[in-house]
Amino acid sequence: MPGRAPTPPWSGETAALVTQVVDELTRRLARDAPHPPADLVDTAGDARRQALARLRVLRDVRLAVRRLEDQAAHAAAASGAGYPEIGQALSMSRQGARRRWPGLITNSTPTPPSPESRSL
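Everything in this summary refers to the structure shown in the same document. (Residues numbered from 1 in each chain as written. Predicted model: local features only at pLDDT ≥ 70, side-chain atom pairs only at ≥ 80, totals over all residues. Heavy atoms only, no water.)

Our next topic: the overall build of the protein. Each helix and strand in the protein was counted, giving 5 helices and 0 strands. The order of α-helices and β-strands along the protein, N terminus first, is α-α-α-α-α. Looking at the protein as a whole, 18% of its 120 residues qualify as buried. Contacts in the protein between residues far apart in sequence, at least 24 positions, make up 51% of those at least 6 positions apart. Carbon together with sulfur atoms contributes 60% to the accessible area of the protein, which is approximately 9,100 Å² in total. (Helix = DSSP H or I, 4+ residues; strand = E, 2+ residues; numbered from the N terminus. Buried < 20%, exposed > 50% of the residue type's maximum accessible area, 1.4 Å probe, protein only. Contact = heavy atoms within 4.5 Å. Areas by Shrake-Rupley, 256 points an atom, 1.4 Å probe, with all protein chains shown as cover.)

Dropping the structure here:
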């Protein structure tokens, strides 16, 4: 897509590291989920329970990441970033960022003074 910056080389490394950390977290949390009594456990049922517990943990991780993205977008806007920059940071279009955060960028959003205005 024209105007979109290339993906930084470290982003693949970041994704791989986050995948590894989240995978380990979900396994631990799923493993620590309440277990049924020992006499009711069957191998297939236990595997299903573990898989479903991991899905619930991943849902919660997705919601947490979404909240963190919202906080970062608000901080970026408060620091003077516009929809094009916020969209680019998330590999989405300016319009996509505007749809996700309508009203985030307004005339009242503080913007840092330009270098030209400081020299006046």
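There is more to say after this.
Once that is clear, we can look at the pattern of salt bridges. A full pass over the atoms with the stated rule returns 7 salt bridges. In this structure, the salt-bridge partner of R54 is D23, at a minimum N-O distance of 2.4 Å. Taken together, the residues R54 in helix α2 (residues 43–78) and D23 in helix α1 (residues 10–31) connect sequence positions 31 residues apart. For the salt bridge of R49 with D46, the shortest nitrogen-to-oxygen distance reads 2.8 Å. (Salt bridge = Lys/Arg side-chain N within 4 Å of Asp/Glu carboxyl O.)

Counting 8 residues, the largest nonpolar core consists of A73, A77, A81, Y83, I86, A97, W101 and L104. The set of elements that each furnish at least two residues to this core consists of α2 and α3 (83–89). Apart from the residues within four sequence positions on either side, I86 is in contact with A73, A76, A77, A81, A97, W101, L104 and I105. (Core = buried A, V, L, I, M, F, W, Y, C linked by side-chain atoms within 4.5 Å.)

Turning our eyes to something else, we now look at the side chain of T26. The topology assignment puts T26 in helix α1. A distance of 3.2 Å separates the side chain of T26 from the side chain of R54, its partner in a polar contact. Not counting residues up to four positions away in its chain, the partners in contact with T26 are R54, V57 and L58. (Polar contact = N/O pair within 3.5 Å; in protein donor to acceptor, adjacent residues only side chain to side chain.)

The next subject is a nonpolar patch on the surface. Where nonpolar side chains cluster on the molecular surface, the patch consists of L52, L55 and L58 and spans about 250 Å² of accessible area. By secondary structure assignment, the location of L58 is in helix α2. (Patch = residues over 30% accessible without salt bridge, like charges linked within 9 Å, V, L, I, M, F, W, Y side chains within 5 Å.)

Another aspect to go through is unusual backbone geometry. A positive phi is found at S91, a non-glycine position, where the angle reads about 55°. Assignment of secondary structure puts S91 in the loop between α3 and α4 (94–100). We classify S91 as exposed; its relative accessible area is 54%.

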